[in-house]
Each structure stands twice: as structure tokens, then as C-alpha cells.
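One-letter residues, chain by chain:
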Amino acid sequence: MASSLTKGATAQGTPAGGKTFFGHPRGLATLFMIEMWERFSFYGMRALLVVYLISGGPDAKDGGQGGGLGMTEGNAVAIYSVYLAMVYLLAMPGGWFGDRVWGPRKTVVIASGVVMAGHLALAVPGQATFFAGLGLVALGSGLIKANISTMVGQLYDGPQDPRRDGGFTIFYIGINLGAFAAPLVIGTVGQSYNWHLGFALAALGMALGLVQFLIGTRHLSAESSTVPTPLAAEERRSWLRKAMIWLIVAAVFYTGVVLSGSWTLNWVLIPITILGLIIPTGVLIRIKRDRELSAVEQTKVSGYIWFFVAAAVFWMIYDQGGSTMSAFADSKTADTIFGLHFPSSWFQSVNPLMIMALAPVFAWLWLWLARRDREPNTTLKFAMALVLVGASFFVFVVPMGMAGDGTKVSPLWLVSIYMIQTMGELCLSPVGLSVTTKMAPAKYASQMMGVWFLAVTAGDCVTGLLSIAGVDLSGVGVIALEATMAALAGFAVFMYRRKVVALMADVH
């Protein structure tokens, strides 16, 4: 099939005969690097988060001398879950700011500064600075997430550019390189030497990414500097009024809570987790009830709800890899293998390493099956993902039982669990992104990617609410129950696959 790029022509931002980045526009190198460093800072902090929260507390292996915040594992899991939920929830307003206020490029610059400020706040000892920093990192990461992907797409000559998919693949490698290196560097420094120095290293990583981004912006598409649909003056005033009203209401309410002496962390955690469930539900209902959608689009939205719920169940379990499993790694898993001693935060490098190793294998497998007309459809891949993530927690039950008498289990147990979860992720995550773009009504084409991220928010908010309610997510019974729920969800998707396929209409 003829490409829209003729001989001698190049993608946006790459002059004919000019230098390229592995055959792609030079701007991809700029975006690759800032995303790699942003993920380096994000995953480095993520690797330290739970172990820092419980260090010095009753659930830590350090006997209360670790210099962390000394929280219980339940509170740490709740905070971690709410934090992740906020990152993905804020991806939607992040895209809105890029589309209507600053443009993608300016939004990423501002957001990178916010992330740096957040990590620097985390580097200052104290509970107040810790939570302020956590909020800033969540805000900045959410603002970056949607806009950086938009700028990658802008480098190419439309959806039909044959290099487009390859460009996103290279970009995805940058994400996983940063995620892989972060726990090894930031995790080691933070966990073995000084927590706050580790958080400061995360700020340094983001600073390096921002500097190279500013230097390389000349290679980006000019479109990245424009605001596609800027707010009119009256709209801007309206939004500012609404923001101020809600800010004043929140300030008055929480001032009253503090003055009454009833303040606890749950006054923040519970509203956020409830909003994290209400907002995704409300967005889907609003789209489903839109009378401007055609009958076929309405049908597709009904089918998409199946995928959304399945994804929420998947992420509810999968994201415990950085909370419940991280706490288990810290207190109940041996920290030596083949004579090599390592901090528990290194386990957070297993997933990105597995993704980089297995993603090409899965891509080859799907193509090999497709040539034989035997590739599983989207519904079956989602069912497989749910069964796999459920199987990972069934495996988790074994080392949890072994550690019940104080025995430190082999690190290979957790490596095996992360590997099974990664296989499930590769069945669900790339497929989910693809099916989201295919099933989105034309009116909501750009918003539906944010809706997909809301599935992560919903899953993490369920975990957060359970932790806040006092459910021990590290209990063998709860782990087995979650595993069973995921397996049953996968079985339900499989059993109703024909109905879901019918709702997908012309999407295959």
C-alpha cells in the first residue's frame, strides 16, 4: 500500500536528508528521553513509597529503627493506592490543559517542574512535606501522561504514516528503561543509605529530562506549541470562578474539621477514593446517555463497558505489585540470592525487565497465530489476562503460607509472580489501548483514552477503600479471594464473549 510519505519527504520536524532517530523524526529522541527520565523519577519514588511509609513501624523488618513514617501496612497500601489512582485520574484534566489552555509542549514543561518540586518536597524530612510532595508528583505525572503521547503522534504524517507504530514502540522502550533503572539506583540509595537522598535523586532525574527536553524542542512538531481549542475569555472566567468556589468550599470544610479536633488522614483518603469510583462511573454513564451518538456507537459503548470493568479488576490486583507485594518483599522475603545482597526495592525492576523481554515474544506470537487465522480476539485476550493475574495471586498464597511462621521465602517466588502478571499485562494493556481507540464514538475520540486510564483509577480506589476499611490485603484468605474473583471475571468474559463481540459491531 502506498504511503503518504513520498521518497525524499520526511515526517514533521525532520528536514529531508537530516538526521533521524533510528529512522524516525529527531523529535522522538527528545520525547524518548524526557519520558525515560520522568518514568525514572516516578518509578524510583514508587519503589520507595510503601517501604518508606512502613519503615520504623510495626510491619517493618527494621524493628522500628528505619527512619520512615512508621505507618501500618494497611495505611501504607491505602496511601499508595490513592496516589496511583490520582495519577491516572489527573491524566484527563492533563489532556484538557494541553488541548485548551497551554498546548502539549508548555503543559509538559510546567508539569515537569511540578514533578521536580514534588520530589524535592519528598526529600525534606517530615510528614507534611511528604504528603505535599506526593500530591505534586501525582499532579505533574498526570499532566505529563496524556500530552507526551500526543506529541509523539504529532511527529508523524497522520495515522497512515508507516513509521507511527514503530515510533510508539521505541517510545515504550524508553518508559521501561526508566522504570527498570529507577529501583536499582533510587531504590538502593534510598533504602540502603538515606530515604530523602533517594527522593532527591528522583528530582535530579526529572531535571535532566526537562533540560534535554528544552534543548530538543526545536525538533518537535510546531503543532505541539499550539492550543487546539483554546478557551474563550468567558469560558476561562467561568472555569476560574468554579475553581475558586470549590477551593473555598474545601478550605472552609477542612478548616472546620481541623478546628473540631477530628482530623485524621482518612478525611482526605476516603473522599478521593469515592471520587475515583464516582467519576469513571459518571463519565461512562454520560457518554452512554448522549443522544447524539448513533445506534452503532451506543452499542459499542455498551461493549466497551465490559472491557472497562475487566480492566479495573485486573489493575486492582496488578498494582498491588508495588504495595502488598512490596511490603511482603521487605519483611518476609530473603534479600540474598546466589550470595548477592540486594534491597527489596529491586523487585520493582522485575516487571519492566520482563516487559522488555516478553513484549517482542508476544508481538511475534500474535502475528504467528494471525497468519494461521488462530489469533485470539480482544475478548479472549482480556479473559486470558484476568485468569493470569488471578493465577499470580493463587501462586502468591503459597509463599504467604510459608512465611506465616517467620520464615523468609526465596526471592524466586516473587519473580515468578511478577512474570505471570507481566504476561497478563501484555494480553490486556496494549490490546486495551487499541480497542479504546477503535470503539470510541467520534464525538469522544480524544477523551476515551482518558476513560481507559480511569479503569486504573477505579481498580486502585477499590484497593484503597478496602485498606481504609481495615481489610488486611496481606492475609492469605483475602489474597485467595482476590485471585478467585479475577479468575471468575475472566471466566465470565469468556462465557459472554459472543455477546461482547456482537456489541463491538464492526470492530475486530
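Residues numbered from 1 in each chain as written. Predicted model: local features only at pLDDT ≥ 70, side-chain atom pairs only at ≥ 80, totals over all residues. Heavy atoms only, no water.

## Some words on the overall build of the chain
Formally: For the purposes of this entry, the term helix denotes a DSSP run of H or I that reaches at least four residues, the term strand denotes a run of E that reaches at least two, and both are numbered from the N terminus. Two things to know: the radius of gyration comes from C-alpha atoms, and the globule rule equals 2.2 Å times the number of residues to the power 0.38. Using a 1.4 Å probe on the protein chains alone, a residue whose accessible area is under 20% of its type maximum counts as buried, one over 50% counts as exposed, and one in between counts as partly exposed. Between two residues, a contact is recorded if the distance between any of their heavy atoms is within 4.5 Å. Method for areas: the Shrake-Rupley scheme with a 1.4 Å probe, in which residue coverage is limited to the protein chains shown.
When you go through the chain residue by residue, the secondary structure sums to 17 helices and two strands. Rg of the C-alpha trace for the chain: 23 Å, near the compact-globule value of 23 Å for 508 residues, within the 12% margin. If one aligns the C-alpha atoms of the chain with their principal axes, the spans along those axes are about 65 × 55 × 50 Å. By residue count, 51% of the 508 residues in the chain fall in the buried class. Taking all contacts inside the chain whose residues are at least 6 apart in sequence as the whole, residues at least 24 apart take part in 79%. Carbon together with sulfur atoms contributes 68% to the accessible area of the chain, which is approximately 22,300 Å² in total.

## Observations concerning the nonpolar core
Which entries qualify depends on this criterion: Put simply, a nonpolar core is a bunch of buried Ala, Val, Leu, Ile, Met, Phe, Trp, Tyr and Cys residues held in one set by side-chain atoms that sit within 4.5 Å of each other.
Counting residues in hydrophobic clusters, the biggest one holds 104 residues, and the most contacted among them are Tyr83, Phe396 and Leu414. Of all the elements, helix α10 (residues 295-318) adds the most residues to this core, at twelve residues. Beyond its immediate chain neighbours, meaning those up to four positions away, Leu414 contacts Met325, Phe328, Ala329, Thr333, Phe347 and Phe396. Counting 23 residues, the second-largest nonpolar core is a separate cluster that includes Leu28, Leu143, Tyr156 and Leu220.

## What about the pattern of salt bridges?
Our working definition: Salt bridge, as used here, is a side-chain nitrogen of Lys or Arg placed within 4 Å of a carboxyl oxygen of Asp or Glu.
This model, assessed by the stated rule, comprises six salt bridges. A network of salt bridges, in which partner residues are shared, links Glu35, Glu38 and Arg39.

## Considerations on the environment of Tyr496
Note on placement: Tyr496 falls in the loop between α16 (476-495) and α17 (497-503). Accessibility expressed as a relative area gives 44% for Tyr496, which makes it partly exposed. With 117 residues separating them in the primary sequence, Tyr496 and Thr379 have C-alpha atoms 9.0 Å apart.

## Thoughts on the packing of α10 against α16
Applicable threshold: Throughout, an axis means a line fitted to C-alpha atoms (over the contacting stretch in the case of helices), and angles, computed between N-to-C directions, take values from 0 to 180 degrees. Here is the rule for angles: anything less than 35 degrees is roughly parallel, anything more than 145 is roughly antiparallel, 65 through 115 is roughly perpendicular, and the remaining ranges are oblique. For a crossing to be left-handed, the near helix must be turned anticlockwise from the far one by less than a right angle; the clockwise case is right-handed. When residues are sorted by character, Ala, Val, Leu, Ile, Met, Phe, Trp, Tyr, Cys and Pro go into the nonpolar class, Asp, Glu, Lys and Arg into the charged class, and all the rest, Gly among them, into the polar class.
In the contact formed by α10 and α16, the axes pass within 10 Å of each other and the chain directions differ by 155 degrees. Here α10 lies roughly antiparallel to α16, going by the angle between them. Read as a crossing pair, α10 and α16 show a hand that is left-handed. Here Trp306, Ala310, Val313, Met316 and Ile317 of α10 lie close against α16, whose contacting residues are Glu482, Met485, Ala486, Ala489, Ala492 and Val493. Grouping the amino acids of the contact of α10 with α16 by side-chain chemistry returns ten nonpolar, no polar and one charged.

## As for helix α4 (residues 104-122)
In an α-helix, one turn spans 3.6 residues, which is why side chains three or four residues apart end up on the same side. To be explicit about the condition: Helix span is expected to be 1.5 Å times the residue number reduced by one.
For α4, which comprises 19 residues, the first-to-last C-alpha distance of 27 Å matches the rise-based estimate of 27 Å (1.5 Å per residue) to within 8%. If you follow the buried residues of α4, they end up packed against α1 (27-54), α3 (91-100), α5 (127-154) and α7 (195-216).

## Some thoughts on helix α12 (residues 350-371)
Put simply, the rule is: Given a residue, its bend is the angle between the two axes fitted to the seven residues that end at it and to the seven that start from it.
Across its 22 residues, α12 extends 32 Å between first and last C-alpha, which sits within 8% of the 32 Å expected from 1.5 Å per residue. Along its length, α12 shows its largest kink, about 35 degrees, at Leu358, and proline Pro360 lies within four residues downstream of that point. For α12, the full list of buried residues reads Val350, Asn351, Pro352, Met354, Ile355, Leu358, Phe362, Trp366 and Leu369. One or two positions beyond α12, positive phi appears at Asp373, with a value near 60 degrees.

## Here we look at the packing of aromatic side chains
Operational definition: For this analysis, a ring pair means two rings from Phe, Tyr or Trp (six-membered ring only for Trp) whose centres lie within 6.5 Å, classed as stacked if their planes differ by under 30 degrees, edge-to-face if by over 60, and tilted for the remaining angles.
Tallying each qualifying case throughout the model produces 26 aromatic pairs. Summarising the aromatic geometry, the rings of Tyr254 and Trp263 are spaced 6.1 Å apart at their centres and angled 80 degrees between planes, so their arrangement reads as edge-to-face. You can call Tyr254 partly exposed: its relative accessible area is 24%. Ring centres of Phe382 and Trp452 lie 6.3 Å apart, and the angle between their planes is 70 degrees; on these two criteria the pair is classed as edge-to-face. You can see Phe382 sitting in helix α13 (residues 378-402) and its partner Trp452 sitting in helix α15 (residues 448-468), a full 70 residues away along the chain. Among the aromatic side chains, those forming a connected cluster through ring pairs are Tyr52, Phe130, Phe131, Trp195 and Phe199.

## Re a nonpolar patch on the surface
Which entries qualify depends on this criterion: Exposure above 30% relative accessible area and no salt bridge define the residues that can form patches, which grow by joining like charges within 9 Å and nonpolar side chains of Val, Leu, Ile, Met, Phe, Trp and Tyr within 5 Å.
On the surface, Met244, Leu247, Ile248 and Val252 cluster together into a nonpolar patch covering about 400 Å² of accessible area. Tracing the backbone shows Ile248 in helix α8 (residues 233-259).

## Description of the packing of α13 against helix α14 (residues 411-439)
One way to put it is that α13 packs onto α14 with a least axis distance of 8 Å and a crossing angle of 160 degrees. As the angle between them shows, α13 and α14 are arranged roughly antiparallel. Read as a crossing pair, α13 and α14 show a hand that is left-handed. Residues of the contact of α13 with α14, tallied by class, amount to 20 nonpolar, five polar and one charged.

## Section: unusual backbone geometry
Although it is not a glycine, Asp373 adopts a positive phi angle of roughly 60 degrees. Within the secondary structure, Asp373 sits in the loop between α12 and α13.

## Description of the confidence of the model for the chain
Keep in mind that low pLDDT regions are not for reading the predicted coordinates in detail. Operational definition: A residue's pLDDT is the predictor's confidence in that residue, given on a scale from 0 to 100.
Per-residue confidence for the chain gives a mean pLDDT of 87, with 93% of residues at or over 70. Scored below 50 in pLDDT, residues 1-11 makes 17 contacts in the model with residues more than four places away or belonging to other chains. Between residues 13-17, whose pLDDT stays under 50, and residues either more than four places distant or in other chains, the model counts eight contacts.

## Some remarks on the side chain of Ser429
With respect to the helices, strands and loops of the structure, Ser429 is situated in helix α14. For Ser429, a relative accessible area of 14% gives the class buried. Not counting residues within four places of it along the chain, the set of residues in contact with Ser429 comprises Trp315 and Trp452.

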